[in-house]
Number of protein chains: 2
Amino acid sequence: MTASDTKWVYRFGDGHAEGTAEMKNLLGGKGANLAEMSNLGIPVPPGFTITTQVCTAFYDNGEHYPEELSSQIDEAIKQIEEIAGMKFGDPEKPLLVSVRSGARVSMPGMMDTVLNLGLNDETVKGLAKSSGDERFAYDSYRRFIQMYGDVVMGLEHHDFEDILDNYKDDNGYLADTDLSADDWKEIIVRFKASVKENHDDDFPQDVNDQLWGAINAVFGSWESARAKTYRNLNDIPSGWGTAVNVQAMVFGNMGDSSATGVAFTRDPANGVNELYGEFLVNAQGEDVVAGIRTPQNITELARKQAGSTEPSLEALMPETFKELVGIFDKLEAHYKDMQDMEFTIQDGKLWMLQTRAGKRTTSAAIKIAVDMANEGLISQDEAVLRVDPASLDQLLHPTLDPKAERDVLATGLPASPGAACGEVVFSSDEAERLKGAGHEVILVRVETSPEDIHGMHAANGILTARGGMTSHAAVVARGMGKSCVSGAGDIKIDYEAENFVADGRTIARGDIITIDGSSGEVMKGAVATIKPELSGDFDTLMKWADKERKLRVRTNADTPNDARNAVEFGAEGIGLCRTEHMFFEADRILAMREMIIAEDEAARREALAKILPMQRGDFAELFEIMAGMPVTIRLLDPPLHEFLPHAENEMDDVAKSLGVELSQIKSRVSELHEFNPMLGHRGVRLAVTYPEIAEMQARAIFEAAVEVGKKTGNPPIPEVMVPLVAKKAELDMIAERIIAVANEVMEESGTTIEYQVGTMIELPRACVTADKIAERAEFFSFGTNDLTQTAFGISRDDASRFIGEYTIKGILEVDPFVSLDVEGVGELIKIAVEKGRNARKDMKMGICGEHGGDPASVTFCHNVGLNYVSCSPFRVPIARLAAAQAAILANKNS
Amino acid sequence: MTASDTKWVYRFGDGHAEGTAEMKNLLGGKGANLAEMSNLGIPVPPGFTITTQVCTAFYDNGEHYPEELSSQIDEAIKQIEEIAGMKFGDPEKPLLVSVRSGARVSMPGMMDTVLNLGLNDETVKGLAKSSGDERFAYDSYRRFIQMYGDVVMGLEHHDFEDILDNYKDDNGYLADTDLSADDWKEIIVRFKASVKENHDDDFPQDVNDQLWGAINAVFGSWESARAKTYRNLNDIPSGWGTAVNVQAMVFGNMGDSSATGVAFTRDPANGVNELYGEFLVNAQGEDVVAGIRTPQNITELARKQAGSTEPSLEALMPETFKELVGIFDKLEAHYKDMQDMEFTIQDGKLWMLQTRAGKRTTSAAIKIAVDMANEGLISQDEAVLRVDPASLDQLLHPTLDPKAERDVLATGLPASPGAACGEVVFSSDEAERLKGAGHEVILVRVETSPEDIHGMHAANGILTARGGMTSHAAVVARGMGKSCVSGAGDIKIDYEAENFVADGRTIARGDIITIDGSSGEVMKGAVATIKPELSGDFDTLMKWADKERKLRVRTNADTPNDARNAVEFGAEGIGLCRTEHMFFEADRILAMREMIIAEDEAARREALAKILPMQRGDFAELFEIMAGMPVTIRLLDPPLHEFLPHAENEMDDVAKSLGVELSQIKSRVSELHEFNPMLGHRGVRLAVTYPEIAEMQARAIFEAAVEVGKKTGNPPIPEVMVPLVAKKAELDMIAERIIAVANEVMEESGTTIEYQVGTMIELPRACVTADKIAERAEFFSFGTNDLTQTAFGISRDDASRFIGEYTIKGILEVDPFVSLDVEGVGELIKIAVEKGRNARKDMKMGICGEHGGDPASVTFCHNVGLNYVSCSPFRVPIARLAAAQAAILANKNS
């Protein structure tokens, strides 16, 4: 499509729309859903959406808009004017509009909303007249100046707040409602003066300037630091862009027959199928979300449950309530998902401002998915697709031990479940700094704002004094899977003094507190936690998932504890048992060091003989836990210098315990020094130089297998894995040694051992020569950590210096050590899979890097035809679910 | 072929043979040529060849021979007996045989020869009777015991020598010729006693045991440490195996009508078309090669030229000489190459024992190839193929400055040309050790033996007191391209005292000497050298080569001096100009460091501004030298910490010169520390973080281009190369900056600059996403050093710990940093070439790793379709010749 025939603006309202819900990529989530609601005949204030393509074109074109945009907007405004029967900038009966950003996915950190746009010194008079409410008109104008000044002109929010607070103090007013129209007029004068003073320019009076200012601000905020941070944290490509929604204003603040609210069709915290929502009478939408006033419940049931004395919407406006419930039902049935909606009641007339799939906690997501499948609303497969695998992480985090003593300081709203404990910090910057220094922190704020995203990310949990369940803190924390207690009004925070007072006690910065996002409790000190019970819905969903997935899910486990945890989480074997950790244990490191400084093979074998029984014991224990399941054991991988001390006094200690000269230790340490240990004498290269190490390990494995077989009658199938192979000949040499040891052990024990010898594929050279390697290897396990390092030529240990910058600058969409780089590393894996299977048709292949627990990477593993993924125990359920989703989606698309 | 019908033994003799010269892989070089000579009707003692397949089968089968071998050997022995009219082990008229190894290529380090096999206490009497020469018979027997004891039974050579020397001393004998038959009988008794004493077993009397002992020794020596070392140094796969040649003995030591000799059809030192050879009357072949007696010239011409008083063969045996010359001519015409032959005259009857393509110096190779092409014997293409490109290296090494003062200590034979200078060492182990410690050494030995291979490899040159032009030292040194003076009989070496005396002066271990392998002079101290003049033949050959090659040859050059050298050697541009070396120069390192410790971009730009004019000057100079040719300039590549000092006192110096606190330097050094710098913050990653560095360099390049264009009217075409790109987005970002700078400079200067922006392909990820990268890159240059490091996951800096072991153990056939690993790294390059050309059809691609000067790698580059290779200046001719050979061979095979 050439620029000249591009449609940049999509209109909606009055029961029609040019867009649909399917057009999210173009219209953003909000815009697409406004169009969809319009088409469904649901009352939506008329408006239009400026597409995400405009955003992309804007940035691609040196921050210039497409030429035709302006005229398309003018036409769209005309259509609103016609439907609303008002004119934009009309001093008599002015049309006011809201301007909102709307990306494909909801994105904190962007310019969110400007309301009441179209007011100026003239139109405000018209509004006063047409609404018959002068106070309302001037209040709206001052709100507009405040909001526009803040988000569009970049003035400080508190500049306006200070003016208002001073004015109230001077006049003895307590609440905003105490101010009259004349008070607001005076406030407006002062606001405008402040704008002029801080911004060197008058507050814009031309309504078209206002509109373009707001549009610019939305598109500008797409590249703001906060938005970029959020995109990085959530893997949102910057190329998506945002849309802008311009919509006729409706007013929830036109008196007591007006209101505004937000609602969920089901409870977003626990998933219970009950309408859940909050509203404020005589308020604008931002008042609810910003958490400035504590809102009322929509249903009577919720009011009673919360023990609130404020009347519910159900009680206050029963007719409107009924209409609302009808719309809610219609929307959930239409979208087949729990909806999060915003509405405004203007003078008794209901308007829907937004609907979208509601954010929910993971346990809510599971319950809703399982319930909807059971209700017949969606299929079981659909239910499996509804839960974000990564979010399962939350469920597996510990909760408070009910038997532990709790010293409760205060109780707020249970805004995001899970327990968290840490040092109190009062600023996001400090939260980030302390986290970087290894501290665990709880971020305590009066309320949070998009500026706090980095601090919330760094904190274990978030505690706010103000705001409801739908406040910024609550919504963002749930999205992040962080524990959050919001609206704990009993705590008094003093930022200056860096402390808060609750229950008459003072908690200072650095003091430890525990919060329980499931109960809303705030406790002094660290409270004991326990492993969470997984719900029946979780089991149901995982069963549905297991039915669909093709990938087996194993775990990376080096210890019996890890192995047991993993089995509980559904692991189907061990995909990676790293043996080096075993050598670091206090009772073996000495023998290991003795081996390393040994002068010849005989002395090395002597030292290794001491380690053998311990290794055998390690393996026997794992084999018992993994009864009947495959266990992949990797031979020693790290360079030997990692086992030697480097500080002089430590070296001295080692020399003494080994009874050798310090100089001998020193010379060995310096001999073993490497410039690039990652690319050094490690992996199979160690085995080539010191085959006796591999032989000892093989012996320990096979002897343990025999022992466990005899003891349990259920012998394991050990898979001996040779790491860092670049060339078949390396594997040949070591495989022959391993096989020889297996034969010896079988002869000695008079039993037969079933086993396999395979290799890690973690070097690019191994990938492109996988056909050769497969002639010898009985299985492949992709070591995607090292493969990512070598494919990119990036050391993980050193990458922090630039990898963050790479994602911020958009060079990398996501950290390739977190989510597998499908384009590059994935291509190498694809080559290896094809070549490997060419040589050995039914070869077993898996992945054992940390990517095995990353849903996107699991999807790739499914698509490329691997047999299993292996990940850390806590990620096993994530991998199971992700594997199922990959299988379902692949089926759908085939 | 199943084992049961395999032919393991090939017979020859009496004008017939079962093999041909084509069957080198199966029969080894020696065996194939013996068969060929037999077929040509040239007198060859009857015999048979045990194939290389036996060797391979032997090692593949746990050191067991194929079952049918024994009977096939028995039959072959029978045939020899029939032709020779003698019987093996016959006490009356015994057949004696020689046993020789013979691999595809001549290979020092292996068991070479056992002569006179078949003698024992009984058959010696028969030999005495049948030859009518008792002394000859017992001399032969003691020689056999000595040789067999040494090479088959593993006794020490000097044990026998000591017995002989003591006997001679005791009896007042000076030369071996003084000993009578009875003396030899007594020697034999003592030799056998020594065998019994040192070997715990009698010297074998069964002739079949003797034969199998020798066969075992040949096959056993294939896996000896020396043979492996040689194979490693010469890239010979261990899978080739060796053949064994068993042949009826003929005797050059049956009195004065007998002789033995070696000859070349042309002079192997300079290629002149003159018969060149040496012989000894009444001697066995080993006497000539071992350099124990100084041999006589074959032709009168050579005798006169050498000023020798010993008669030539031409004078001594004119008839035989004529026959010999006829055979030589026939062989050279038949093989169409210069031949190296061994012959023996037994009692006036000529026997040919070996012919093969003669080793020659590089200048000889060139002259012979050009001469033969001019003679019409071979084509020009064939001439181009005849010269080993790697050997050109020799020619380009410096020779002695004729004007330099020389303090000549002695003069020996000019055994291998070129001048060399270094510390005197007397053992090969020490040569290797000192070389490893960075010393330049000259290995000085009475004579060398296969045990000295490693020392000869380590030394700059070799000086021996004994031995002729065909002695071990001379042959091996020529093969290695090392300077060698052999047979310098005037120097008296004392191994004990670690010195030698020459010209009345004592030269101790560690003293510096210079040898001139072209003149045979040995000089005290270091003598000045000059660059060699290249011969007209060289130019002719290179012209023929240039006509054929498809690859362009550029050079890697950072300095004007390198660039000028390279142009002289025929470089067609610069393929890699590393800019970092420019930053290390004394006048810029300070500005560089200032930049590195700068706190912000502004300060960095200030420091960079100081470097700009110097960089511009560097580039301008290179552009002028490379007038009209392409120049590829790589942007700064190494991590910044490489530019900072690491010792405290150095850091202090830097702090002072920059006027900052020491702590600031220290903190920056520690901030920049990397665990794996090879995989660290370098290459394009630096440019992403500090685009101002890339901008400064781009400006320097473009300003220099404008300047040179204006000055010379011949503007260069700079190719700006971005290193270490893993992902297109990195290149995008930097390319945009470079293009912006180019536009600025063009605008400022009012000129147009032709330039390209391209990238190194040196990461596996770049290879597999080359199609994406090619959308932006205008050229690719494969950085095969880093690509080898990342593909293998091997740090070049750390590889020494295991890479030698890898080649010795046969895991790697050749060091992949020396010769490109075609199977793995080559596959990545192939993928990148295909993908890159898919995206950009006529994309220019080259290679700029050190592999660009390695002939095998150049062949790969040709075959994979690159446009050019770039290598160090001295390797440019090598690359030109290798490229031509690759093109000719590809044509032949297509």
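Quick note: structure is the one above.
Residues numbered from 1 in each chain as written. Chains lettered and ligands numbered in written order. Predicted model: local features only at pLDDT ≥ 70, side-chain atom pairs only at ≥ 80, totals over all residues. Heavy atoms only, no water.

J.: Explain the overall build of chain A here, please?
T.: A count of helical and extended segments in chain A gives 36 helices and 34 strands. Here the C-alpha radius of gyration of chain A, 32 Å, is about what a compact globule of 894 residues would show, namely 29 Å. Each principal axis of the C-alpha atoms in chain A carries an extent, and together these give about 100 × 65 × 50 Å. Residue burial in chain A is summarised as follows: out of 894 residues, 58% are buried. In chain A, the share of contacts with a sequence separation of at least 24, taken over all contacts with a separation of at least 6, comes to 68%. As displayed, chain A offers around 34,000 Å² of accessible surface, 48% of which is attributable to carbon and sulfur atoms. One finds the centroid of the 89 positive side-chain charges in chain A at a distance of 5 Å from the centroid of its 142 negative side-chain charges. (Helix = DSSP H or I, 4+ residues; strand = E, 2+ residues; numbered from the N terminus. Rg over C-alpha atoms; globule rule 2.2 N^0.38 Å. Buried < 20%, exposed > 50% of the residue type's maximum accessible area, 1.4 Å probe, protein only. Contact = heavy atoms within 4.5 Å. Areas by Shrake-Rupley, 256 points an atom, 1.4 Å probe, with all protein chains shown as cover. Lys, Arg positive; Asp, Glu negative; His and termini not counted. Charge placed at Lys NZ, Arg CZ, Asp CG, Glu CD.)

J.: Sorry if this is basic, but what is going on with the sheet that holds strand β20 (residues 483–486) of chain B here?
T.: Strand pairing in a sheet is mediated by backbone hydrogen bonds. Such pairs are either parallel or antiparallel. Residue and element names in this part refer to chain B. Read across the open sheet, the eight strands follow the order β15-β25-β24-β17-β18-β19-β20-β16; overall the sheet is mixed. Every other strand in the sheet has two partners, leaving β15 (408–411) and β16 (413–416) as the edge strands with one partner each. Sheet twist, expressed as the mean angle between neighbouring strand axes with direction ignored, is 30 degrees. Here strand β18 (residues 441–445) pairs with strand β19 (residues 461–464) via four bridges, running parallel. Looking at the pairing, V444 lines up with L463 of β19. (Pairing = 2+ DSSP bridges. Axes fitted to C-alpha atoms, helices over the stretch in contact; angles between N-to-C directions.)

J.: Sorry if this is basic, but what is going on with the packing of aromatic side chains here?
T.: Within a pair of aromatic rings, the relevant descriptors are the distance that separates the centres and the angle that separates the planes. Residues and elements named next belong to chain A. Within the structure shown, the criterion is met by 37 aromatic pairs over all chains. The interplanar angle of 55 degrees and the centroid separation of 6.4 Å between the aromatic rings of F328 and F343 together place this pair among those described as tilted. One end of the pair, F328, is in helix α13 (residues 318–335); the other, F343, is in strand β12 (residues 339–346), and 15 residues separate them in sequence. An aromatic cluster of at least three residues, connected via ring pairs, comprises F58, Y59, Y65, W212 and F219. Sitting over the ring of Y138, K185 keeps its end group 4.9 Å from the ring centre. Over the face of the ring belonging to W222 we find R231, whose NZ or CZ atom lies 4.1 Å from the ring centre. (Phe/Tyr/Trp six-rings, centres within 6.5 Å; stacked < 30°, edge-to-face > 60°. Lys NZ or Arg CZ within 6 Å of the ring centre and 35° of its normal.)

J.: Mind showing me how you'd approach the nonpolar core here?
T.: Nonpolar side chains in soluble globular proteins generally cluster together in the buried interior. With 456 residues, the main nonpolar core has F702(A) and F702(B) as its most contacted residues. Residues within four places of F702(A) in sequence aside, it is in contact with V720(A), I738(A), V741(A), A742(A), V745(A), I753(A) and Y755(A). Core analysis: the next-biggest nonpolar cluster, separate from the first, contains 25 residues, F12(B), M37(B), A263(B) and F343(B) among them. (Core = buried A, V, L, I, M, F, W, Y, C linked by side-chain atoms within 4.5 Å.)

J.: Could you clarify how one ought to interpret the interface of chain B and chain A in this entry?
T.: How big an interface is tends to be stated in terms of the accessible area lost upon association of its parts. Contact with chain B, which involves 49 residues of that partner, is made by 49 residues of chain A. For the chain B face of the interface with chain A, the top three residues by lost area are L679(B), R765(B) and R801(B), together amounting to 15%. As a salt-bridge pair, E823(B) and R765(A) come within 3.0 Å of each other at their nearest N and O atoms. In this structure, the connection of chain B to chain A is made through 27 residue pairs in polar contact (both at pLDDT 80 or more). (Buried area = accessible area lost by both parts, 1.4 Å probe. Salt bridge = Lys/Arg side-chain N within 4 Å of Asp/Glu carboxyl O. Polar contact = N/O pair within 3.5 Å; in protein donor to acceptor, adjacent residues only side chain to side chain.)

J.: Whenever I open this one, the sheet that holds strand β10 (residues 276–281) of chain B confuses me. Can you help?
T.: Residues and elements named next belong to chain B. Pairing is antiparallel in the open sheet, where five strands are placed in the order β11-β10-β9-β12-β13. If you trace the sheet from one side to the other, it starts and ends with β11 (296–297) and β13 (349–357), each paired once. As defined by bridge partners, strand β9 (residues 259–264) adjoins strand β12 (residues 339–346) across six bridges and the pair is classed as antiparallel. Its bridge partner being in β12, V262 is matched across the sheet by E342. This element, helix α13 (residues 318–335), spans β9, β12 and β13 of the sheet and lies at about 25 degrees to β13.

J.: Help me understand the side chain of S258(A) in this model?
T.: Along the chain, S258(A) falls in the loop between β8 (242–248) and β9 (259–264). In contact with S258(A), other than residues within four places in its own chain, are F251(A), G252(A), N253(A), V281(A), N282(A), M317(A), I345(A), Q346(A) and D347(A).

J.: Could you clarify how one ought to interpret the packing of helix α21 (residues 560–568) of chain B against helix α24 (residues 601–625) of chain B in this entry?
T.: To describe two helices that pack against each other, one gives the angle between their axes and the distance between the axes. All names here are of chain B. Where α21 contacts α24, the two axes come as close as 10 Å, and the packing angle between them is 10 degrees. Judged on the interaxial angle alone, α24 and α21 are roughly parallel. Across the interface between the two elements, P560, A563, R564 and V567 from α21 touch E621, L622 and I625 from α24. Of the residues contributing to the contact of α21 with α24, the split by class is five nonpolar, no polar and two charged. (Parallel < 35°, antiparallel > 145°, perpendicular 65-115°, else oblique. Nonpolar A, V, L, I, M, F, W, Y, C, P; charged D, E, K, R; others polar.)

J.: What exactly am I supposed to notice about the pairing of strand β22 (residues 499–502) of chain B here?
T.: A regular strand carries its side chains on alternate faces of the sheet. Residue and element names in this part refer to chain B. Two elements, strand β21 (residues 492–494) and β22, share three bridges in a ladder whose sense is antiparallel. Paired with K492 across the bridge in β22 is V501. What sits between β21 and β22 in their antiparallel hairpin is a turn of four residues, with E498 showing a positive phi close to 55 degrees. Following β22, the chain reverses through two residues before pairing antiparallel with strand β23 (residues 505–508); D503 in that reversal takes a positive phi of roughly 55 degrees.

J.: Please clarify how the relation of the copies chain B and chain A should be interpreted in this entry.
T.: Both copies of the chain are tied together by a single rotation about an axis and a shift running along it. Between the two copies, chain B and chain A, the superposition gives an RMSD of 0.3 Å; the rotation angle is 180 degrees and the shift along the axis is 0.3 Å. Read as a symmetry element, the transformation amounts to a two-fold axis. Closest to the rotation axis within chain B is the C-alpha of N676(B), separated from it by 2.1 Å. Taken together, the interface assignments show that 100% of the residues at the interface of chain B recur at the interface of chain A, consistent with an identical surface on both copies. (Least-squares fit on C-alpha atoms with pLDDT ≥ 70 in both.)

J.: Before we go on, may I ask you to explain the environment of K403(B) in this structure?
T.: With respect to the helices and strands, the residue K403(B) is situated in the loop between β14 (399–400) and β15. Sequence separation between K403(B) and P46(B) is 357 residues, and the spatial gap between their C-alpha atoms is 56 Å.

J.: Can you help me understand the environment of N166(B) in this one?
T.: Inspection of the secondary structure puts N166(B) in helix α6 (residues 157–171). The sequence separation of N166(B) and K727(B) amounts to 561 residues, and the corresponding C-alpha distance is 76 Å.

J.: What should I look at first to understand helix α6 (residues 157–171) of chain A in this one?
T.: Residues and elements named next belong to chain A. With 15 residues, α6 extends 22 Å from end C-alpha to end C-alpha; this agrees with the ideal 21 Å at 1.5 Å per step. The complete set of buried residues in α6 reads F160, I163, L164, Y167 and K168. End-on view of α6: buried residues confined to an arc of 130 degrees, all on one side of the axis. Among the exposed residues of α6, those oriented more than 90 degrees off its buried face are D169 and D170. Positive phi appears at G172, one or two residues downstream of α6, with a value of about 70 degrees. (Expected span 1.5 Å × (residues − 1). Arc of directions from axis to C-beta.)

J.: It is not clear to me how helix α36 (residues 876–893) of chain B should be interpreted in this structure. Could you clarify?
T.: The first and last C-alpha atoms of α36(B) sit 26 Å apart over 18 residues, in line with the 26 Å expected at 1.5 Å per residue. α36(B) sits mainly inside the fold: 13 of its 18 residues count as buried.

J.: Which parts of the structure should I look at to understand the pairing of strand β7 (residues 113–117) of chain B?
T.: All names here are of chain B. The element β7 is largely enclosed, with a buried count of five among its five residues. Two elements, strand β6 (residues 97–103) and β7, share three bridges in a ladder whose sense is antiparallel. Residue pairing in the sheet places V99 in a bridge with V114 of β7.

J.: What is the right way to read a negative patch on the surface from this model?
T.: A contiguous patch of negative charge on the surface is contributed by D162(A), D165(A), D169(A) and D170(A). Within the element layout of this structure, D170(A) appears in helix α6. (Patch = residues over 30% accessible without salt bridge, like charges linked within 9 Å, V, L, I, M, F, W, Y side chains within 5 Å.)

J.: Which parts of the structure should I look at to understand the pattern of salt bridges?
T.: Between side chains of opposite charge, a pair can form when the charged atoms approach closely. Under the defined criterion, the tally for this structure stands at 133 salt bridges over all chains. Of the charged contacts, one joins D546(B) and R549(B) as a salt bridge, the two residues approaching to 2.9 Å between their closest N and O atoms. A relative accessible area of 26% means that D546(B) is categorised as partly exposed. Salt bridges here are not isolated pairs; linked through shared partners, they connect R135(A), D139(A), R142(A), R143(A), K168(A) and D176(A).

J.: Explanation requested: unusual backbone geometry in the structure shown.
T.: Backbone geometry follows two general trends: most residues other than glycine have a negative phi, and most peptide bonds adopt the trans configuration. At N282(A), a residue that is not glycine, the phi angle is positive and equals roughly 50 degrees. At D503(B), a residue that is not glycine, the phi angle is positive and equals roughly 55 degrees. One can find D503(B) in the loop between β22 and β23.

J.: Help me out: how do you make sense of the packing of α24(B) against helix α28 (residues 691–712) of chain B in this one?
T.: All names here are of chain B. The contact between α24 and α28 brings their axes to 7 Å, and the two run at 35 degrees. α24 and α28 meet at a crossing whose hand is right-handed. Class assignment of the residues belonging to the contact of α24 with α28 gives a composition of 13 nonpolar, three polar and 11 charged. (Left-handed = near helix turned anticlockwise from the far one by under 90°.)

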